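Here is how the chains run, residue by residue.
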Amino acid sequence: MAEITFRTETIFSLATQSANHILALLPEVLKHPQVGIICGSGLGGLAESLQPNSETTPQFEISYTKIPNFAHSTVLGHAGKFVFGLMGTKRTPVVMMVGRVHYFEGHSIEKVTFPTRVMKILGIQTVIVTNAAGGLNPEFSVGDIMILNDHINLPGLSGVHPLRGANEEDFGTRFPPLSDAYDLQLRKTMHLSYKKLDTVTPTRKLHEGVYVFVSGPTFETRAECRMLRGMGADVVGMSTVPEIVVARHCGIRVVAMSLVTNCAVMEAGPRGDSIEVQKTRDEDLHTLMEIGIANHEEVLEAGNEAARDMQNLVKQFVHDISV
């Protein structure tokens, strides 16, 4: 398929085209999803929260490569597909984005947020956004979960913003407020849902805090981590905020969670003129710099270990907000 150049004035029509393509393939019982769920790195197992596929509880999945106008995910741990199904005893119809596309992959910010636009056309009123993030708050441990109550959009503040350009009036207003981006009622419910779970790993804590969005794909330097923490951020990641901005522009209610997959190294690195470095053999110097270093395999491993708890929390939350 030829490369698509997004223009703000055509996003609504493109999203409608994509949504209609999907709707034409869906079983009738799945044509009206109530909740959208965006699965972050290593969290694609959330799709297992859906009821088993059967004649009475159908599921449907479609690769992004089969949806008109969609960008394709290239990141390990991101399957790149929409999964439709029924969740919980209330048989709540949901749609899951199993894997997302990122700005750092080379996609425009409009393409990154395009699936959220499609969710709006599909009728989604509430979206649950999950991600894997690095912990900046020293009180956070690997495996903890943080509910977002605010964000810092560094690329957005410098001009890489999904609403830049002519406003798409069919979706929302020119200047949407974001001070209420993270729905307080949904956050309250998420905390209550967590308390109902009796299978959560005892050492796993649920926090609230601020997520800072950076473009990636490099993990942050020590100095950058100190700066971000000094700005008030509790976790840092390479996704989520563009989708939330667009969701709020569309009038979709948002609740978002970060899984802390690694703890950022905050202290300054060893100096070349320090006594310790001067006494260390050259071939062993790398060990001093590798302490606490982040890597994508860590992210996926932590995501796999926390999958059960995240699945149970999302499932309980969907049950609690469903009528």
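You'll find the structure just up there.
Everything numeric here is computed off the predicted structure, so don't read it as measured data.

A.B. asks: Requested: an account of the overall build of the protein chain, with residues and values cited.
C.D. replies: The helix and strand inventory of the protein chain stands at nine helices and nine strands. Expressed along its principal axes, the backbone C-alpha trace of the protein chain runs to roughly 70 × 50 × 35 Å. Burial statistics for the protein chain: of 323 residues in total, 54% are counted as buried. Across the protein chain, contacts joining residues at least 24 apart in sequence account for 82% of those joining residues at least 6 apart. For the protein chain, the computed accessible surface area is about 14,800 Å², with 53% contributed by carbon and sulfur atoms. The averaged location of the 35 negative side-chain charges in the protein chain is 6 Å from the averaged location of its 28 positive side-chain charges.

A.B. asks: Now, about the packing of aromatic side chains: what can you tell me, with residues and values included?
C.D. replies: To describe a pair of aromatic rings, you give the distance between the ring centres and the angle between the ring planes. Applying the stated rule across the entire model yields seven aromatic pairs. Between tyrosine 64 and phenylalanine 70, the ring centres sit 5.4 Å apart and the planes meet at 45°, which makes this aromatic pair tilted. For the pair formed by tyrosine 64 and phenylalanine 70, the shared burial category is buried. Each ring, one from phenylalanine 70 and one from phenylalanine 114, has its centre 5.7 Å from the other, and the planes form 80°; the classification is edge-to-face. Of this pair, phenylalanine 70 sits in the loop between β2 (60-63) and β3 (81-87) while phenylalanine 114 sits in helix α2 (residues 109-122); the two residues are 44 residues apart in sequence, bridging distant segments of the chain. Judged on exposure class, the residue phenylalanine 70 and its partner phenylalanine 114 are both buried. In this structure, arginine 117 is placed above the aromatic ring of phenylalanine 171, and the distance from its NZ or CZ to the ring centre is 4.5 Å. The ring of phenylalanine 175 has arginine 174 lying over it, and the distance from NZ or CZ to the ring centre is 5.9 Å.

A.B. asks: Tell me what's going on with the pairing of β2, and back it up with residues and numbers.
C.D. replies: In regular strands, side chains alternate between the two faces of the sheet. Across the two faces of β2 the burial differs, with Phe60 and Ile62 buried and Glu61 and Ser63 not buried at all. Relative to β3, β2 is paired through four bridges, and the arrangement is antiparallel. Each bridged residue has a counterpart across the sheet, and for glutamate 61 the counterpart in β3 is valine 83.

A.B. asks: Break down unusual backbone geometry for me, with residues and values.
C.D. replies: Between glycine 216 and the following residue, proline 217, the backbone shows a cis peptide bond with an omega angle of 5°. Even without being a glycine, arginine 91 presents a positive backbone phi close to 50°. With respect to the helices and strands, the residue arginine 91 is situated in the loop between β3 and β4 (92-98). You can call arginine 91 partly exposed: its relative accessible area is 35%. Located in the positive-phi region is threonine 240, a residue other than glycine, with phi close to 75°. Mapping threonine 240 onto the fold places it in the loop between β8 (235-237) and α6 (241-249). Threonine 240 gets classed as buried once you look at its relative accessible area, which sits at 1%.

A.B. asks: Got a sec to walk through the environment of glutamate 297? Specific residues and values, please.
C.D. replies: Relative to the helices and strands, glutamate 297 is located in helix α9 (residues 296-321). Remark: the alpha-carbon pair of glutamate 297 and valine 35, spanning 262 residues in sequence, is separated by 30 Å.

A.B. asks: Give a description of the packing of helix α1 (residues 11-23) against α2 that names residues and reports values.
C.D. replies: Each pair of packed helices gets described by two things: the angle between the helix axes and the distance between those axes. It is at 8 Å that the axes of α1 and α2 come closest, and there the two elements cross at 60°. Judged on the interaxial angle alone, α2 and α1 are oblique. For α1 against α2, the interelement crossing comes out right-handed. Two secondary-structure elements touch here, α1 through Ile11, Phe12, Leu14, Ala15, Thr16, Ser18, Ala19, Ile22 and Leu23 and α2 through Glu110, Phe114, Arg117, Val118, Ile121 and Leu122.

A.B. asks: Any details on the packing of α2 against α6? Residues and values, ideally.
C.D. replies: Running from N to C, α2 and α6 cross one another at 50°; their axes reach a closest spacing of 9 Å. Relative to α6, the element α2 lies oblique. Between α2 and α6 the crossing geometry is right-handed. When α2 is examined against α6, the residues Ile109, Val112, Thr113, Thr116 and Arg117 are found in contact with a partner set consisting of Pro242, Glu243, Val246, Ala247 and His249. In terms of residue class, the contact of α2 with α6 is built from five nonpolar, three polar and two charged.

A.B. asks: Which residues make up α1, and what are the values?
C.D. replies: Taking 1.5 Å per residue, 13 residues should reach 18 Å; α1 reaches 18 Å between its end C-alpha atoms and fits that length. Elements that come into contact with the buried residues of α1 comprise β3 and α2.

A.B. asks: Would you mind going over the state of the cysteines in detail, with residue names and values included?
C.D. replies: What the rule picks out here adds up to zero disulfides. No disulfide involves cysteine 250; its sulfur sits 19 Å from that of cysteine 39, the nearest cysteine. Counting only cysteine sulfurs, cysteine 225 is the nearest neighbor of cysteine 263, a cysteine outside any disulfide, at a range of 11 Å. Using a relative accessible area of 35% as the deciding quantity, one classes cysteine 263 as partly exposed.

The rules behind these values
- Residues numbered from 1 in each chain as written.
- Predicted model: local features only at pLDDT ≥ 70, side-chain atom pairs only at ≥ 80, totals over all residues.
- Heavy atoms only, no water.
- Helix = DSSP H or I, 4+ residues; strand = E, 2+ residues; numbered from the N terminus.
- Buried < 20%, exposed > 50% of the residue type's maximum accessible area, 1.4 Å probe, protein only.
- Contact = heavy atoms within 4.5 Å.
- Areas by Shrake-Rupley, 256 points an atom, 1.4 Å probe, with all protein chains shown as cover.
- Lys, Arg positive; Asp, Glu negative; His and termini not counted.
- Charge placed at Lys NZ, Arg CZ, Asp CG, Glu CD.
- Phe/Tyr/Trp six-rings, centres within 6.5 Å; stacked < 30°, edge-to-face > 60°.
- Lys NZ or Arg CZ within 6 Å of the ring centre and 35° of its normal.
- Pairing = 2+ DSSP bridges.
- Axes fitted to C-alpha atoms, helices over the stretch in contact; angles between N-to-C directions.
- Parallel < 35°, antiparallel > 145°, perpendicular 65-115°, else oblique.
- Left-handed = near helix turned anticlockwise from the far one by under 90°.
- Nonpolar A, V, L, I, M, F, W, Y, C, P; charged D, E, K, R; others polar.
- Expected span 1.5 Å × (residues − 1).
- Disulfide = S-S within 2.5 Å.

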